[in-house]
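Residue-level structural notes
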Amino acid sequence: MLQYIIKRLLSTIPVLLGISLLLFFMLRMLPGDPAQVLAGQMASPEDVNMIRHQLGLDRPIIIQYGLFLSRLARFDLGRSARTQNPVIKEIWARLPNTVLLAVAAITLACLFGIPAGIFSAVRPYTWIDYLFTSMALFGISMPVFWLGLMLVVIFSVILHWLPAGGTGSWKHIVLPSFTLAAFVVAFITRMTRASMIEALSQDYTTTARSKGLREEVVIVKHALRNALIPIVTVVGLQFGLLLGGAVLTETVFAWPGLGRLIVDSILARDYPVIQGTILIFGLVYILVNLGVDVMYAFIDPRIRYD
Amino acid sequence: MELPQKQHSLAWRKFKRNRTGLFGSVLILIYLMTALLAPVIFPRNPSSLNLMKSLERPSIENPLGTDELGRSILGRIIYGSRVSLLIAIGVVAVGLLVGVPLGLISGYYGGKVDFGIQRVTDTMLAFPGFLLALALVAVLGVGLKNTIISVGISMVPIYIRLVRGCTLLVREQTYVEAARAVGTRDAMILLRHILPNVLVPIVIQTSLGMGTAILFAAGLGFLGIGVQPPTPEWGAMLGSGRAYLFNAPHVATFPGIAIFFAVLGFNLSGDGLRDVLDPRFKI
């Protein structure tokens, strides 16, 4: 197992290199002088020159990339052009908020999506199936930020039950996590339904039934166990979608996370922070998918990574 | 798969029976007509300001109310359909023009070319689509053209993967082998023998992709880094409506409904097409 994890970690290196190349050329694609861009519009010519020298921008491009990589490996992402704080510090301060939001949302989405998918699969083409599948379709087609705004109108403006934004208490996370969950629950419901329908038609399900097992046992212990792999895969993939959705949800609810940070940085043209945030988003996504791969072995003992 | 004439009419008959797919197509048609006939349906200028009438609730004169600058929300939604459809078409055009040839080449030639293209695709897929679009906007800047390019490029890896996968299957077919045996040029084989046979998944993906394009572009508009005012764009309308949720919630309500039904239309049609043309992928 450990060997597999190491092998899988090594296989992410080309992707990481790809991401680093993308980030490296991101600044070079911009019109104008990268040093000026990094220093910000208000910087003095001395500051710009200093940054140019610090970053080695006066050296050949291949050496520049080498320097960039070595700084990246040390998580030295430079300083924010807006606040002058180290980028990694800015990211560190907000990462827990985004992780909290994402975990709350994915938990909610699984708690609703997996049972909904199972119900649909057990009673296909009945009213309950149509209800859940149309809800899933609505979820996929609905702009997440609009849903968030409408929840604010209902629960904050009209009912005064929950705060419209910000952080502080458990009440603050209710609306953002529901909004974000609605974004991914649809995919989880659809995938659960599809893989459960498949599992329920297999011979082992028939065998389990003919042994006289109770229907609940057949569904949960026999069918669901076997249907879990595609479901877990989709949950992992949806985590990426969730990170994208977090950018919008955090804006709706003024939630101080990474999504808000990247939008503010884009608006302020604060490129070091944009670079850093994109890198962290990529890393988180890769790690989550790695985690999903490792989980396969726990879910399905037939999978062995030798 | 390319359908002969008889199968065409069969597919059409099946699609007609697929009620949700048909409903989706009707939705798209309504949006298309709205976009084309915008000046007829709403003869006033959707961007003309009237601060005396700002944030008015729905009335006979302004059926969906007015926004903070006194502009008719109905008018801006009607003209916004032009912008959103333009974005949807532009985005899938970028995705198709870049993704399909690369996918064909990657799948057909294999080897080093395939390896190279796939590593680039891996890197792009390491970012969730919306974040990739966001990163590209950060480099290219805001505005209609850059929104189309950014969202379009973020869809390229999806087309590459899809087309490559199908090409790998089709490449092994006897008719491709036969074409190669009689000395047909590679470009000809790709265009005449492989492309027509991978068209169905491309068409399905294009319908679904248009829905996603509208959602992504509206998301960028909402964040203030997409299409810029005064161009009427649904996402940006929601973004500015956010400030008035407490005293004028209608400003943020109606543009969202417009986005929802547009995306629903493309998703339903995409699903319907998939059911009719390619039962293997039915979920």
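Residues numbered from 1 in each chain as written. Chains lettered and ligands numbered in written order. Predicted model: local features only at pLDDT ≥ 70, side-chain atom pairs only at ≥ 80, totals over all residues.

With that settled, consider the overall build of chain A. Across its full length, chain A holds 13 helices and zero strands. With respect to the three principal axes, the spread of C-alpha positions in chain A is 80 × 60 × 30 Å. Here chain A holds 306 residues, and the buried ones make up 40% of them. Put simply, 70% of the contacts in chain A that link residues at least 6 apart link residues at least 24 apart. (Helix = DSSP H or I, 4+ residues; strand = E, 2+ residues; numbered from the N terminus. Buried ≥ 20, exposed ≤ 12 C-beta atoms within 10 Å, placed from the backbone. Contact = placed C-beta atoms within 7 Å.)

Looking only at helices and strands, chain B features twelve helices and zero strands. For chain B, the succession of helices and strands along the chain, N to C, is α-α-α-α-α-α-α-α-α-α-α-α. In terms of principal-axis extent, the alpha carbons of chain B reach across some 75 × 45 × 30 Å. Across the 283 residues of chain B, 47% fall into the buried class. Nonlocal contacts in chain B, meaning residues at least 24 apart in sequence, comprise 69% of its contacts between residues at least 6 apart.

Across the contact, 38 residues belong to chain A and 36 residues belong to chain B. Counting only elements with at least two residues in the side of chain A that touches chain B, the list comes to α2 (13-29), α7 (127-141), α8 (144-158), α9 (171-200), α11 (215-252), α12 (258-268) and α13 (271-299) of chain A. The residue inventory of the side of chain A that touches chain B, partitioned by class, reads 31 nonpolar, six polar and one charged. (Nonpolar A, V, L, I, M, F, W, Y, C, P; charged D, E, K, R; others polar.)

Time to look at unusual backbone geometry. A cis amide bond links B:Pro229 with the next residue in sequence, B:Pro230, at an omega value of 10°. Considering the arrangement of structural elements, one finds B:Pro230 in the loop between α10 (199-223) and α11 (234-241). Even without being a glycine, A:Tyr125 presents a positive backbone phi close to 60°.

Let us now look at the environment of A:Gly148. All names here are of chain A. Relative to the assigned elements, Gly 148 resides in helix α8. Residue classification places Gly 148 among the buried residues on the basis of 30 C-beta atoms within 10 Å. The sequence separation of Gly 148 and Arg 225 amounts to 77 residues, and the corresponding C-alpha distance is 34 Å. When near neighbours in sequence (up to four residues on either side) are disregarded, Gly 148 contacts Leu 175, Thr 179, Thr 249, Val 252 and Phe 253.

If you look at the biggest cluster of nonpolar residues, it comprises 158 residues, and the most contacted ones within it are A:Leu242, B:Ala213 and B:Ile214. The element that contributes the greatest number of residues to this core is α11(A), accounting for 17 residues. Residues contacting B:Ile214, with those up to four places away along its chain left out, are B:Ser84, B:Ile87, B:Ala88, B:Ile259, B:Ala262 and B:Val263. (Core = buried A, V, L, I, M, F, W, Y, C linked by C-beta atoms within 7 Å.)

Residues and elements named next belong to chain A. Following both chains from N to C, one finds helix α6 (residues 87-122) and α12 inclined at 135°, their axes separated by 7 Å at the closest point. Accordingly, the angle class assigned to the pair α6 and α12 is oblique. Between α6 and α12, the contacting residues are Glu 90, Ile 91, Arg 94, Leu 95 and Thr 98 on the first element and Leu 258, Gly 259 and Leu 261 on the second. (Axes fitted to C-alpha atoms, helices over the stretch in contact; angles between N-to-C directions. Parallel < 35°, antiparallel > 145°, perpendicular 65-115°, else oblique.)

Between its first and last C-alpha atoms helix α5 (residues 111-125) of chain B spans 21 Å; for 15 residues at 1.5 Å apiece the expected length is 21 Å, and the two agree. The set of residues buried in α5(B) consists of B:Thr121, B:Thr123 and B:Met124. For α5(B), the angular spread of the buried residues around the axis is 160°, confining them to a single face. Pointing more than 90 degrees away from the buried face of α5(B) are the exposed residues B:Gly111, B:Lys112 and B:Phe115. On the buried face of α5(B), the contacting elements are α2 of chain A together with α6 (129-140) and α7 (144-171) of chain B. (Expected span 1.5 Å × (residues − 1). Arc of directions from axis to C-beta.)

All right, on to the packing of α9(A) against α11(A) then. Residue and element names in this part refer to chain A. Close contact between α9 and α11 brings their axes to 8 Å; oriented N to C, the two are set at 160°. Our classification of the angle between α9 and α11 gives roughly antiparallel. For the pair α9 and α11, the sense of crossing is right-handed. (Left-handed = near helix turned anticlockwise from the far one by under 90°.)

Residues and elements named next belong to chain B. Assignment of secondary structure puts Thr 253 in helix α12 (residues 250-277). What makes Thr 253 buried here is the crowd of 20 C-beta atoms within 10 Å. Here the alpha-carbon distance between Thr 253 and Asn 45, two residues 208 residues apart in the chain, equals 22 Å.

The next subject is α7(A). The terminal C-alpha atoms of α7(A), which comprises 15 residues, lie 21 Å apart, in line with the 21 Å expected from a rise of 1.5 Å per residue. If you check which residues of α7(A) are buried, you get A:Phe132, A:Thr133, A:Ala136, A:Gly139, A:Ile140 and A:Ser141.

The next point concerns the confidence of the model for chain B. All names here are of chain B. Residues at a pLDDT of 70 or more form 95% of chain B, whose mean pLDDT is 88. Mean pLDDT values for the elements of chain B range from 73 in helix α1 (residues 5-17) up to 94 in helix α4 (residues 73-109). Confidence metrics for the complex model read pTM 0.87 and ipTM 0.85. (pLDDT = per-residue confidence, 0-100.)

Turning to the environment of B:Gly141, a few remarks are in order. Topologically, B:Gly141 is positioned in the loop between α6 and α7. Considered as a pair, B:Gly141 and B:Gly226 are 85 residues apart in the sequence and their alpha carbons are 8.7 Å apart.

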